[in-house]
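The lines below spell out each chain.
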Amino acid sequence: MSSTLRTQGAMAFDVTASLHGRQASRDREPSGLRQSLWALADSNSNSDGRLRPWPHVRCACHMGGADFLGMLDAHASLPQRQQGQSWTQPGRLTQPFHWTCGALFWQRLLAGQTTFSMKQAGLAEAVRAALLQESEAPTGQQSVQASAPASSGAEHRDPVTGQGPKQKGQSGLADTVLVHGRIFTGDTDLPWCEALAIADGRVLLAGSVSQVRQRVGPTTEVIDLQGKLVIPGLNDAHMHHTPDPVGIRLPIDLEADPSLDVLVSLLQTAVAQSPAGTWIYATLGAQLINEPQLARLLLDELAPLHPVLFLGMTNHTNVVNSAAMTRLGLDDDAPDPVGGVYERVPGSRRLSGRIHEYASWSPQRCFASMATVEEGVASLQTLAEDCLRWGITTIQNMTWTPPERYIAMLQAAALPIRVRVIRFPPSGHAGRLASDGQGLPRHPGERIEFHGSKWILDGTPIEGGAAVTQAYTGSVAAKATEALHGVENFSRQEIARMLQESLQAGEQLLLHAIGDRTLESVLCVLEEFEPQVDWRARALRIEHADGLTPAQLTRLSQTGAMVVQNPTHFWFYAGDTGFSGFSGAFQSLEQAGVPVAIGSDGPLNPFLSLFAAVDHPARPGEAMTMEQAVRAYTYGSAIAEGRGADKGRLLPGCIADLAVLSQDIFSVSPDTLPQTCSLLTMVDGQTVYRSAAF
């Protein structure tokens, strides 16, 4: 069953106008809207109470994903109020009619697309007015009207010359030139220049000011950089952006990582100030998510009528209460999925509420599915604005939102940045759901790509989940009843099947592997495919690889696989943290010839990641130079998405994605790097962000 349909089932108790449960609902005090809906439904019912079929009316419980998304997308275009409210004020997850029988009928009625007989016209207008009133009710979230869907196809250009349809580039003249700057091209042979010429969205020339001025025509835009630094557009190769549904998010400071008492107090406040049934959720730091008392029993006592979902900061351990289990379709008889574990109360089958690894995938996707398209659009537009201010022009995202739903959000948002959506499939008790997202096009819209699959092979050190040879020490192991070594989520045979699936589908494979035991399994399986498979040509990605040993590094370099590293994670390994077995390999990867890319997988600020990259608080000897780090964050990340031939460098023929920075990150003190921002950001040679300061 798809996640969208699971969500509809889980949301069934939210239906305020369900025609299936019409008679039972009348036992409750009816609202004005419910009374009007009943009256209109009764006017269209047979004598036995069954609905006469309206044209194309289907119950949302059985509606296909495309129809359901189309309905939400249409609803997003309706006017809604904008109202800022306290974090304790809940808002709607969806409108009530989304979960009713005849949902498409109510949508057309709301949009004024349905006609009635004279007898029914007055009643229909009353229902429409009531629906509009409900849809305009304050939600606690700023509403953003969805823009028209982007083009369904990607523009094709010559991969060598970069020439497009414009006459200007073909004639050798530039659309835009940037002069008098300090421009880092990202190329190892010609890393610096002082001017760029851009035509048809590609770099036409990188060289001196005098060379570039020869490409200036009567309509060419000339941008004087005034000595500012220019770098290729940053490409965040690893993130997990997932739009939240409306509810109450507890204001937890992950860096402070407060005590359980603080969390309990916040939860009590949220419960007291919101109606029963309101979602309450939060992201928790290492101390809280590893607290064994934080379980279903405690949350049921504090919030018996509110669904509660607490996500660990790594999303590898989550906690739910009974109300959330009901909403998410979990029960005590649920078998453990492949690669995941439901903790159970000792001596029973009762779920403790603590769920690990792939046991959390389906519930999280169900929860993410509750965000409407318009909420997703608002979240994506905010993300894009933040990216542009930091010079990020591409993101590679592994979202919890089902891919069909997330792509619909992207199409409606029409973002100015590039977004690659990577499959992030769940698993069930019978195995991995490898078919997730099959049938979706690779280029579902302008600046949108959908390809690649990611599997999680172990946990993280934060929960003691990464599979290691040397037992964990420190706080993560303090409450364990036995030596803690982490767990591999899949067998070597299953890893081999993942690799074989990627070869058969011609799709890139991404493998999350952190602990040295897991990395050993990956290397052993990869070596079984040699020499028949060139994994470098297939851009096989190992995500993180923090526990890589020196011996494993040598073998990894021979496989051709690349590593996508997340430098902000290095802070977890610094000091007496109990994670001494994790090297956070970085410079050694470069020296061994292993291609490296950078993703945030945490704070979005890329200059915080660059600070960690050139400082490496855990292993200073593994620190990169700034040139190496910026190259990994641009060209390396382009390789990680299979675009290294024409992206990530400011060379002739390459895509003209770039950022003009507020300070020279190659010369400032490293501790000031996080203060950096973009003054001007270009995508496809077009200015998509410009600071008032430039």
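Residues numbered from 1 in each chain as written. Predicted model: local features only at pLDDT ≥ 70, side-chain atom pairs only at ≥ 80, totals over all residues. Heavy atoms only, no water.

**Topic: the overall build of the protein chain**
Okay, so step 1: What the protein chain contains, in helices and strands, is 22 helices and 26 strands.
Okay, so step 2: A burial count over the protein chain gives 58% of its 694 residues as buried.
Okay, so step 3: Taking the contacts inside the protein chain whose residues are at least 6 apart along the sequence as the reference set, 73% of them involve residues at least 24 apart.
Okay, so step 4: Here the protein chain displays about 27,200 Å² of accessible surface, and carbon together with sulfur accounts for 52% of that area. (Helix = DSSP H or I, 4+ residues; strand = E, 2+ residues; numbered from the N terminus. Buried < 20%, exposed > 50% of the residue type's maximum accessible area, 1.4 Å probe, protein only. Contact = heavy atoms within 4.5 Å. Areas by Shrake-Rupley, 256 points an atom, 1.4 Å probe, with all protein chains shown as cover.)

**Quick look at the pattern of salt bridges**
Okay, so step 1: The full count for this structure, using the stated rule, is 25 salt bridges.
Okay, so step 2: Between Asp 336 and Arg 344 there is a salt bridge, with its nearest N and O atoms 3.5 Å apart.
Okay, so step 3: Salt bridges linked by common partners bring Arg 202, Glu 449, Arg 643 and Asp 646 together as one network. (Salt bridge = Lys/Arg side-chain N within 4 Å of Asp/Glu carboxyl O.)

**Notes on the sheet that holds strand β4 (residues 195-199)**
Okay, so step 1: Taking strand neighbours across the sheet as the criterion, the 4 strands line up as β5-β4-β1-β6 in an open arrangement whose pairing is mixed. Every interior strand has two partners, whereas the edge strands, β5 (202-207) and β6 (221-224), have only one. On average, each strand axis in the sheet is inclined to that of its neighbour by 15°, with strand direction left out of account.
Okay, so step 2: The sheet contact formed by β4 and β5 spans 5 bridges and is antiparallel. Within the sheet, the bridge partner assigned to Ala 199 lies in β5 and is Arg 202. (Pairing = 2+ DSSP bridges. Axes fitted to C-alpha atoms, helices over the stretch in contact; angles between N-to-C directions.)

**A closer look at the sheet that holds strand β20 (residues 509-513)**
Okay, so step 1: Strand order in the open sheet made by the 8 strands is β8-β15-β16-β19-β20-β21-β22-β23, with parallel pairing throughout. Looking along the sheet, the strands with just one partner apiece sit at the ends: β8 (234-239) and β23 (596-598). In this sheet, neighbouring strand axes are inclined to one another by 25° on average, regardless of whether the strands run parallel or antiparallel.
Okay, so step 2: Summarising the sheet, strand β15 (residues 392-397) and strand β16 (residues 418-423) pair through 4 bridges and their orientation is parallel.

**A closer look at the packing of aromatic side chains**
Okay, so step 1: Tallied over the full model, the rule gives 15 aromatic pairs.
Okay, so step 2: Centre to centre, the rings of Tyr 281 and Phe 367 are 5.1 Å apart; their planes meet at 75°, and the pair counts as edge-to-face. A residue pair is termed long-range when its members are at least 10 positions apart, and Tyr 281 in strand β10 (residues 280-284) and Phe 367 in helix α13 (residues 361-368) qualify at 86 residues. A single burial state applies to Tyr 281 and to Phe 367, both of which are buried.
Okay, so step 3: Relative to Phe 490, the ring of Tyr 358 has its centre 5.3 Å away and its plane inclined at 65°; by these criteria the two rings are edge-to-face. (Phe/Tyr/Trp six-rings, centres within 6.5 Å; stacked < 30°, edge-to-face > 60°.)

**Re unusual backbone geometry**
Okay, so step 1: Here Gln 226, not a glycine, exhibits a phi torsion of approximately 55°, which is positive.
Okay, so step 2: Relative to the assigned elements, Gln 226 resides in the loop between β6 and β7 (229-232).
Okay, so step 3: Gln 226 gets classed as exposed once you look at its relative accessible area, which sits at 64%.
Okay, so step 4: Positive phi values are uncommon outside glycine, yet His 544 reaches one of about 90°.
Okay, so step 5: Relative accessible area serves as the criterion here: at 3%, His 544 is assigned to the buried category.

**Digging into the nonpolar core**
Okay, so step 1: Leu 457, Leu 499, Ile 542, Leu 556, Leu 589 and Ile 665 are the most contacted members of the largest nonpolar core, which has 85 residues in total.
Okay, so step 2: Top element by residues in this core is helix α14 (residues 373-389). It accounts for 7 residues.
Okay, so step 3: Ranked by size, the runner-up nonpolar core spans 22 residues in total, among them Val 264, Leu 284, Leu 294 and Ala 303. (Core = buried A, V, L, I, M, F, W, Y, C linked by side-chain atoms within 4.5 Å.)

**Quick look at the packing of helix α21 (residues 606-615) against helix α22 (residues 626-640)**
Okay, so step 1: Running from N to C, α21 and α22 point in directions that differ by 135°, and their axes come no closer than 9 Å. Between α21 and α22, the angle is such that the two are oblique. Here the hand of the crossing between α21 and α22 comes out right-handed. In this structure, α21 uses Pro 606, Ser 609, Leu 610, Ala 613 and Val 614 to contact α22, whose residues at the interface are Met 626, Ala 629, Val 630 and Tyr 633.
Okay, so step 2: Looking at side-chain class alone, the contact of α21 with α22 contains 8 nonpolar, 1 polar and no charged residues. (Parallel < 35°, antiparallel > 145°, perpendicular 65-115°, else oblique. Left-handed = near helix turned anticlockwise from the far one by under 90°. Nonpolar A, V, L, I, M, F, W, Y, C, P; charged D, E, K, R; others polar.)

**Quick look at the environment of Arg 327**
Okay, so step 1: Its place among the elements puts Arg 327 in helix α12 (residues 322-328).
Okay, so step 2: Taking the C-alpha atoms as reference points, Arg 327 and Phe 367, separated by 40 residues in sequence, lie 8.5 Å from one another.

**Remarks on α13**
Okay, so step 1: For α13, the buried fraction is high: 8 of the 8 residues fall into the buried class.
Okay, so step 2: Within the sequence span of α13, burial applies to Trp 361, Ser 362, Pro 363, Gln 364, Arg 365, Cys 366, Phe 367 and Ala 368.

**Digging into the packing of α14 against helix α15 (residues 403-413)**
The axes of two packed helices give the description: the angle between them and the distance between them.
Okay, so step 1: It is the contact of α14 with α15, at a shortest axis distance of 8 Å, that shows an interaxial angle of 65°. Viewed along their axes, α14 and α15 form a crossing whose handedness is right-handed. Where α14 abuts α15, its residues Val 373, Gly 376, Val 377, Leu 380 and Gln 381 lie against Arg 405, Tyr 406, Ala 408, Met 409, Leu 410, Ala 412 and Ala 413.
Okay, so step 2: Its residues assigned to classes, the contact of α14 with α15 shows 9 nonpolar, 2 polar and 1 charged.

**Focus: the pairing of strand β14 (residues 351-357)**
Okay, so step 1: Counted residue by residue, β14 has 7 buried out of 7 residues, so it is predominantly covered.
Okay, so step 2: Across 3 bridges, the pairing between strand β12 (residues 317-320) and β14 is antiparallel. Residue pairing in the sheet places Thr 317 in a bridge with His 356 of β14.
Okay, so step 3: Here strand β13 (residues 340-344) runs beside β14; their pairing, made up of 4 bridges, is antiparallel. Opposite Gly 340, over in β14, you have Glu 357 as the bridge partner.
Okay, so step 4: From the end of β13 to the start of β14, which pair antiparallel, there are 6 residues, and Gly 347 there has a positive phi angle of about 80°.

**Some words on the confidence of the model for the protein chain**
Okay, so step 1: Here the protein chain averages 84 in pLDDT, while 75% of its residues score no lower than 70.
Okay, so step 2: In this model, residues 47-58 is a region of pLDDT below 50 whose contacts with residues beyond four sequence positions or in other chains number 25 contacts.
Okay, so step 3: For residues 136-168, every residue scores under 50 in pLDDT, and the model assigns this stretch 75 contacts once sequence neighbours within four places are set aside. (pLDDT = per-residue confidence, 0-100.)

**A short note on the environment of Ala 286**
Okay, so step 1: Here Ala 286 shows up in helix α10 (residues 286-289).
Okay, so step 2: Along the backbone, Ala 286 and Pro 258 are 28 residues apart, and their C-alpha atoms lie at a distance of 9.8 Å.
Okay, so step 3: Discounting chain neighbours no more than four positions away, the residues touching Ala 286 are Asp 257, Met 313 and Ile 462.

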